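Residue strings, one per chain:
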Amino acid sequence: MEEPWWKSAVVYQIYPRSFADSDGDGIGDLGGILARLDHLVGLGVDVLWLSPVYPSPQDDNGYDISDYQGIEPMFGTLADFDRLTAAVHERGMRLVMDLVVNHTSDEHAWFRESREGPNSAKRDWYWWRPGRPERGVVGEEAAAPNNWGSFFSGSAWQYDDTSGEYYLHLFSPKQADLNWENPEVRQAIYAMMRWWLDRGVDGFRMDVINLISKHPDLPDGESTGDGLYGDGSPYYVCGPRVHEYLAEMHREVFADRPERVLTVGEMPGVTLEHARLFTDPARGEVDMVFQFEHVGLDFGRHKFDVRPLRLTALKESLGRWQTGLAEVGWNSLYWNNHDQPRVVSRFGDDGPRYRVRSATMLATVLHLHRGTPYIYQGEELGMTNAPFASVEDVRDIEALGHYRQAIRAGEDPERVLDGLRARGRDNARTPMQWDTSEHAGFTTGTPWLPVNPNHTTINAAAARADPESVYHHYRRLIALRHSEPAVVHGDFTMLLADDERLYAFTRRYRDTTLLTLANFTGEPVELPAALATEWATAPLVLGNAGTSIDPATLQPWEARVQRKG
Ligand code: TEU
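Now for a description of the structure that goes with this document.

The rules behind the values
Residues numbered from 1 in each chain as written. Predicted model: local features only at pLDDT ≥ 70, side-chain atom pairs only at ≥ 80, totals over all residues. Heavy atoms only, no water. Helix = DSSP H or I, 4+ residues; strand = E, 2+ residues; numbered from the N terminus. Contact = heavy atoms within 4.5 Å. 1 Å grid on protein atoms, 1.4 Å probe; cavity = no way out; pocket = protein on both sides within 12 Å on 5 of 7 lines; lining within 4 Å. Points joined across faces, edges and corners; volume = space filled by probe spheres on them. Nonpolar A, V, L, I, M, F, W, Y, C, P; charged D, E, K, R; others polar. Salt bridge = Lys/Arg side-chain N within 4 Å of Asp/Glu carboxyl O. Buried < 20%, exposed > 50% of the residue type's maximum accessible area, 1.4 Å probe, protein only. Pairing = 2+ DSSP bridges. Axes fitted to C-alpha atoms, helices over the stretch in contact; angles between N-to-C directions. Parallel < 35°, antiparallel > 145°, perpendicular 65-115°, else oblique. Left-handed = near helix turned anticlockwise from the far one by under 90°.

**Regarding the side chain of Ser56**
The topology assignment puts Ser56 in the loop between strand S2 (47-50) and helix H3 (78-90). In contact with Ser56, not counting residues within four places along its chain, are Gly62, Asp64, Ile65, Ser66 and Glu72.

What follows is the structure, encoded as structure tokens:
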């Protein structure tokens, strides 16, 4: 049976607000993406994933949708969208949309109708519940229907004066959770998805899709460390009917489609066991998932409590997912997206001496794993975290929610701000750095979020002009995936699992074996003698430290791929 196209594809994620602005309003748009398509063609990527561009009050930058079948005016029109889709297809690429159906905006017509009152025909399209007067004053958090906390801090329930009841929102109060128990809700969503596919879209990245099934009793969760709220996740992460819903969606939306579309489910808290079920082609749910284990290994009490990464922990996690989805299912591979800090600042060295070397090392390690790689805009330039002088510079609802809650709990503002500087999502959202001009060529207006001042040295124009740049290294990695079957299909074997400095593994396919070696430190590291001898004469397929390699030692942040057979 022919392997699905997305197994040898590389996906590029665009965050439209920050990619390219064509009308000078300081916010990126579809016209800007169209104007910059050649950058992506040059890179060699196969698929573009657009973060949400639907009408939205932008409470969570578009992940709060008020109309699923339109385009937010600040991004353009449906005609602009059709032009972009056609241009992407003309260039041999595909276009994947972001599907945000765990929740809608509270300004969506469905929610407006649902909020009208208990007799509304759409009341059961969301999770409405009465308060618990025995717990506190109805209308206040204490009397909320249960003690679940929101992902964005605070209670997961919002009181509504109109009916005197609360509605559930796992994210912000302006993101009301849909009730997937209701078949009308599911059918409305499937119809919307078919509408976009009929318009030429080639697939969906599905936002927090493993949270759509809640335990119908909505029980209280275990009290969390801060004692403020309970952890409801056991009752909504991979809930009781989630596999049933995704199988139904597949039957109703994808199964009879002539062309094979791409589906990737973003799944916070998903386990390997569940991922095998979700991505088993025989079960017809999704093609792959975004799991979060490897982007949570440097968390303390929470994501803003920064701890050092242990390389052995990273290898243990990624290695287990490689092995766990070797026979059934498929992995997605990512370091970055619009919710994660820049990987070169997080796991590499973003200083002038080793930024390029460590960024290309991290890229090599990720892209030689088995699975579909995702590149987040700016990653191919080695863009870094941004300088946030004060909390006034922060825009992200998650970060601001955490800051307020931490300050209320008496934490030191500067320490909390340090956590935001290291982990805040705004780090990923500073405008794309196209050139050295005032706003890095992103806009002729005033950018909604300041451009990183290091755009004077880190930008696409400079990267394209420098054959040793991060940009050209990504081009070579993508070309290798398109030309070397072992990169796509090869069996994965981790080596040196206990080494805290070296990341090493092989990929074996028919007569070909590829060895990937990487130094995760700023110091030279000697290779174990046996490994060095075994691979001493194997030709270098790709490296980031020049073409002449020392068979016995890896330079600081060096990565190399060698081949046998
Ligand atoms: O993210 C889900 C999610 O788990 C992240 O918000 C997570 O809490 C954190 O930011 C990452 O450590 C998705 C979207 O990617 C995100 O942008 C949205 O804010 C969120 O869902 C709600 O739609």
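**A few points about empty space enclosed by the protein**
Considering all chains together, one arrives at three cavities of 30 Å³ or more under this definition. Put simply, the largest cavity is a space of about 90 Å³. Contributing to the lining of the largest cavity are Gln291, His294, Leu318, Trp321, Gln322, Asn331, Ser332, Leu333, Tyr334, Leu366 and His369. Within the residue set of the lining of the largest cavity, elements represented by two or more residues are helix H8 (311-324) and strand S14 (332-333). Ranked by residues supplied to the lining of the largest cavity, first place goes to H8 with three residues. Of the residues assigned to the lining of the largest cavity, the class counts are five nonpolar, six polar and no charged.

**Focus on the pattern of salt bridges**
Under the definition given, this model contains 42 salt bridges. Notably, a salt bridge pairs Asp98 with Arg205, separated by 2.8 Å at the nearest N-O pair. Taken together, the residues span a long stretch of sequence, with Asp98 in strand S3 (residues 94-99) and Arg205 in strand S9 (residues 203-206) at a distance of 107 residues. Residue Arg205 is classed as buried on the basis of its relative accessible area, which comes to 2%. A salt bridge links Lys564 to Glu534; the shortest N-O distance between them is 3.8 Å. Taken as a pair, Lys564 in strand S22 (residues 559-564) and Glu534 in helix H17 (residues 529-534) lie far apart in primary sequence, 30 residues in all.

**A few points about the pairing of strand S15 (residues 372-376)**
In terms of residue burial, S15 counts as a mostly covered element, since five of its five residues are buried. On S15, burial covers both faces: Thr372, Tyr374 and Tyr376 on one face and Pro373 and Ile375 on the other are all buried. In this structure, strand S1 (residues 11-14) lies alongside S15, joined through three bridges in parallel fashion. Along S15, the bridge assignment pairs Val11 with Tyr374. Of the pairings in the sheet, the one linking S14 to S15 comprises two bridges and is parallel in character. Note on S15: the bridge partner recorded for Leu333 is Pro373.

**Topic: the packing of helix H5 (residues 183-198) against helix H6 (residues 242-254)**
Two elements in contact, H5 and H6, have axes separated by 10 Å at closest approach and are oriented at 40°. What the angle tells us is that H5 and H6 run oblique. As for how H5 packs across H6, the hand of that crossing is right-handed. Contacts between H5 and H6 involve Arg186, Gln187, Tyr190, Met193, Arg194 and Leu197 from the first element and Tyr245, Glu248, Met249, Glu252, Val253 and Phe254 from the second. A class-by-class count of the residues in the contact of H5 with H6 yields seven nonpolar, one polar and four charged.

**Description of the sheet that holds S2**
With parallel pairing, the eight strands of this open sheet are ordered in space as S13-S12-S9-S3-S2-S1-S15-S14. Strands with a single pairing partner mark the edges of an open sheet, and in this sheet they are strand S13 (288-290) and S14. Here S2 pairs with S3 via four bridges, running parallel. Paired with Trp49 across the two strands is Val96, which belongs to S3.

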